[in-house]
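Architecture at a glance
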2 protein chains.
Amino acid sequence: MSLSRRTLGKALTPDVGRGIPDATVARLPIYGRVLTSLITAGNSTVSSDHLAALCGVSPAKLRKDLSLLGSYGTRGVGYDVGFLSAQIDRELGLSRPWRVVIVGAGNLGRALVSYRGFESRGFEIVGLVDSHPDVVGTRVTVGARELLVLPSASLEALVRQSHAHIGVIVTPAESAQAVAERLVAAGIRSILNFAPVVLTVPVGVEVRKVDFGVELQILAFHEQRRGEEPMSQAMHA
Amino acid sequence: MSLSRRTLGKALTPDVGRGIPDATVARLPIYGRVLTSLITAGNSTVSSDHLAALCGVSPAKLRKDLSLLGSYGTRGVGYDVGFLSAQIDRELGLSRPWRVVIVGAGNLGRALVSYRGFESRGFEIVGLVDSHPDVVGTRVTVGARELLVLPSASLEALVRQSHAHIGVIVTPAESAQAVAERLVAAGIRSILNFAPVVLTVPVGVEVRKVDFGVELQILAFHEQRRGEEPMSQAMHA
DNA sequence: TAGATTGTTAATCGATTAACAATC
DNA sequence: TAGATTGTTAATCGATTAACAATC
């Protein structure tokens, strides 16, 4: 009973499976975005040195990461940006649409709805719910479309009818766990959690967490550490 | 991450000679938040098993992490939640106030301003700027206070006069790099970047990045992988 | 003492890096 | 060919884990 349920699942499998390491997966979206901007800029090929610099990683790491997807480069030449971009998108699953439900229409929820990066990457926001009567029934514009804020009670129906894949929790901390349970019960197995709580979910459900407070605290830590140490080299504005 | 092996022979200061590992630092805010909720709930002590379960990590990892801060537990008993919480806050630098400037007063910028988790953790938002004439001059409420949206031109003055430590960039991708450069020139050395771009900053400036798109793409990856594998191994609840 | 739980060790696992042979 | 750059190797580094002696 002391162990979290989540940690139990991965013990016995003899990893012959050729999965991409998590650290690499976490970098693929960055490579993808930079490649997109290179395509827009009209480049046709790019070397690992150049791409790595644009992505803020070392060339060795970049080549290692890309080699895990396959041999998509040309020695002496570099990578075809369009082709590589397509391979990364395919690997990440961006070549098919993913339907997203957003729970919570506060400031942050509305900011997410109007965030252009979703639609442009193939994510479709199929619904937005909120429990606050003042907010229910109002509209939020998403690009060309308009989204109606639905009452909290219709969450399950929304998930089922839209066949949503991903639930985004943007509620206060107090309601997040209950929302997560309702999402899972309705069939959702991927959750993006913005509430400052650790969610407990059944094995097989994937939760990712975004917490501005945590990021700020880590910055504060480094700021403090810097103040403690005598300034060495560094700094040239 | 320069490391200075300097011996300030203080009895109560734990041996932090080579610094807390990044992976541990990233978890400290989570431990801190859970401890805060335990304090609120009236608990006085907690075991590593229990705390680990609440934080979603393994007990071994938790004890290892905490042992890097010092020996703050009692064998056979556990940890005093108040004391441990204070040690983590001190380690993270939360026992002193940090002043934050927010650049960009769009949906997301305003969501951040009204995010309670900042003030409650000792961060003070000292200013909010935006380049859009329609937005400049409007007000945003932060808890009890009200924040006036300042014009972009006053960014440098704001940073200097408030002695801000941290800059938060919530602008569109196009303007983010320019804003970063202005922040750094004005003396900021810690940046939290919400714009979907990789920022280039001088050595000594710390940048952390939050990107919802990246998180969603990683979820999509796992969702796809799950669909591909005929759940043979991998899953047993 | 007997039971509980920490702090630490040593082994393992995974990720990063430098170097270079392969090859365009 | 000569120069450029990938893909891969092997070494290193860092993080995780299981186990248990220390000790409350």
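Procedures and definitions
- Residues numbered from 1 in each chain as written.
- Chains lettered and ligands numbered in written order.
- Predicted model: local features only at pLDDT ≥ 70, side-chain atom pairs only at ≥ 80, totals over all residues.
- Heavy atoms only, no water.
- Buried < 20%, exposed > 50% of the residue type's maximum accessible area, 1.4 Å probe, protein only.
- Helix = DSSP H or I, 4+ residues; strand = E, 2+ residues; numbered from the N terminus.
- Arc of directions from axis to C-beta.
- Contact = heavy atoms within 4.5 Å.
- Domains from an automatic or database assignment.
- Buried area = accessible area lost by both parts, 1.4 Å probe.
- Salt bridge = Lys/Arg side-chain N within 4 Å of Asp/Glu carboxyl O.
- Nonpolar A, V, L, I, M, F, W, Y, C, P; charged D, E, K, R; others polar.
- Pairing = 2+ DSSP bridges.
- Axes fitted to C-alpha atoms, helices over the stretch in contact; angles between N-to-C directions.
- Least-squares fit on C-alpha atoms with pLDDT ≥ 70 in both.
- Near = heavy atom within 4 Å.
- Polar contact = N/O pair within 3.5 Å; in protein donor to acceptor, adjacent residues only side chain to side chain.
- Parallel < 35°, antiparallel > 145°, perpendicular 65-115°, else oblique.
- Core = buried A, V, L, I, M, F, W, Y, C linked by side-chain atoms within 4.5 Å.

**Here we look at helix α8 (residues 173–185) of chain A**
All names here are of chain A. By the burial criterion, the buried members of α8 are A176, V179, A180 and L183. Along the axis of α8, the buried residues cluster in a sector spanning 110 degrees; they form a single face. With respect to the buried face of α8, the exposed residues turned more than 90 degrees away are E174 and A185. The elements touched by buried residues of α8 are β4 (98–103), α7 (155–162), β8 (166–169) and β9 (190–193). Phi turns positive one or two residues past the end of α8, at G187, with a value near 115 degrees.

**Examining the domain arrangement of chain A**
The domain boundaries assigned to chain A delineate domain 1 (22–92) and domain 2 (98–214). Domain 1 of chain A and domain 2 of chain A are separated by 31 Å when their C-alpha centres are compared.

**What about the interface of chain B and chain A?**
In this complex, chain B contributes 75 residues to the contact, which on the side of chain A involves 75 residues. Buried area between chain B and chain A, summed over both chains or domains, comes out near 7,100 Å², and the portion from carbon and sulfur atoms is 63%. For the interface between chain B and chain A, the tally reads four salt bridges. At 15 residues, the largest contribution of residues to the side of chain B that touches chain A is made by helix α9 (residues 212–228) of chain B. In terms of residue class, the side of chain B that touches chain A is made up of 39 nonpolar, 16 polar and 20 charged.

**What to know about the sheet that holds β9 of chain A**
Residue and element names in this part refer to chain A. One open sheet accounts for seven strands, arranged β6-β7-β5-β4-β8-β9-β10; its pairing is mixed. The open sheet has two edge strands with one neighbour each: β6 (139–142) and β10 (206–209). Neighbouring strand axes in the sheet, compared pairwise and without regard to direction, differ in orientation by 25 degrees on average. With four bridges joining them, β6 and strand β7 (residues 145–151) adopt antiparallel strand pairing. What sits directly across from T141, in β7, is E146.

**Some points on the pattern of salt bridges**
Taken as a whole and assessed by the stated rule, the structure comprises 14 salt bridges over all chains. The residue R33 of chain A makes a salt bridge to D211 of chain B at a minimum N-O spacing of 2.4 Å. A residue pair is termed interchain when its members come from two chains, as with R33 of chain A in helix α1 (residues 22–40) and D211 of chain B in the loop between β10 (206–209) and α9. It is possible to trace a salt-bridge network through shared partners that takes in R33 of chain A together with K209 and D211 of chain B.

**Brief notes about the pairing of strand β5 (residues 123–130) of chain A**
Residue and element names in this part refer to chain A. Burial within β5 is extensive, with six of its eight residues counted as buried. Where β4 lies against β5, six bridges are found, and the strand directions are parallel. Within β5, the residue paired with I102 across the bridge is L128. Where β5 lies against β7, three bridges are found, and the strand directions are parallel. Bridge assignment links L128 to a residue of β7, and that residue is V149.

**Focus on the relation of the copies chain B and chain A**
The transform that puts chain B on chain A rotates by 180 degrees and translates by 0.0 Å along the axis, for an RMSD of 0.0 Å. Both copies are brought into coincidence by an operation consistent with a two-fold rotation axis. Looking at the interface residues of chain B, 91% of them are also at the interface in chain A, so both copies use one shared face.

**As for the protein's contact with DNA strand D**
Neighbouring DNA strand D are 26 residues, the closest being S48, G73 and Y79 of chain A together with R27 and R75 of chain B. The protein-proximal atoms of DNA strand D, defined as those within 4 Å of the protein, are 66% sugar or phosphate. Within the side chain of S48 of chain A, one N or O atom sits 2.4 Å away from a phosphate oxygen of DNA strand D. One of the backbone N or O atoms of Y72 of chain A is found 3.3 Å from a phosphate oxygen in DNA strand D. Counting residues per element, the ones that place at least two in the surface near DNA strand D are α3 (59–69), β2 (73–74) and β3 (78–80) of chain A together with α1 (22–40) and α3 (59–69) of chain B. Residues of the surface near DNA strand D, tallied by class, amount to six nonpolar, 11 polar and nine charged.

**Comments concerning unusual backbone geometry**
Even without a glycine there, the phi angle at H163 of chain A is positive, about 50 degrees. Note on H163 of chain A: relative accessible area 56%, which makes it exposed.

**Focus on the packing of α1 of chain A against α3 of chain A**
Angle between the axes and distance between the axes: these two values describe a pair of packed helices. All names here are of chain A. Their axes nearest at 11 Å, the elements α1 and α3 cross at an angle of 100 degrees. With respect to α3, the element α1 is oriented roughly perpendicular. In this structure, α1 uses T24, R27, L28 and Y31 to contact α3, whose residues at the interface are K61, L62, D65, L66, L68 and L69. Considering only residue class, the contact of α1 with α3 consists of six nonpolar, one polar and three charged.

**Description of the nonpolar core**
In terms of nonpolar packing, the biggest core is built from 105 residues, with F194 and F212 of chain A together with F194 and F212 of chain B touching the most fellow members. If near-sequence neighbours (up to four positions away) are discounted, F194 of chain B is found in contact with F212 of chain A together with L108, L112, V168, I169, V170, V210 and F212 of chain B.

**A few points about the protein's contact with DNA strand C**
Not every one of the 25 residues close to DNA strand C is listed here, only the nearest: R27 and R75 of chain A together with S48, G73 and Y79 of chain B. Backbone atoms, meaning sugar and phosphate, form 65% of the atoms of DNA strand C found within 4 Å of the protein. Separating a base nitrogen of DNA strand C from a side-chain N or O atom of R75 of chain A is a distance of 2.8 Å. Within the backbone of G73 of chain B, one N or O atom sits 2.8 Å away from a phosphate oxygen of DNA strand C. Broken down by secondary-structure element, the contributors of at least two residues to the surface near DNA strand C are α1 and α3 of chain A together with α3, β2 (73–74) and β3 (78–80) of chain B. Taken together, the residues of the surface near DNA strand C break down into six nonpolar, 11 polar and eight charged.

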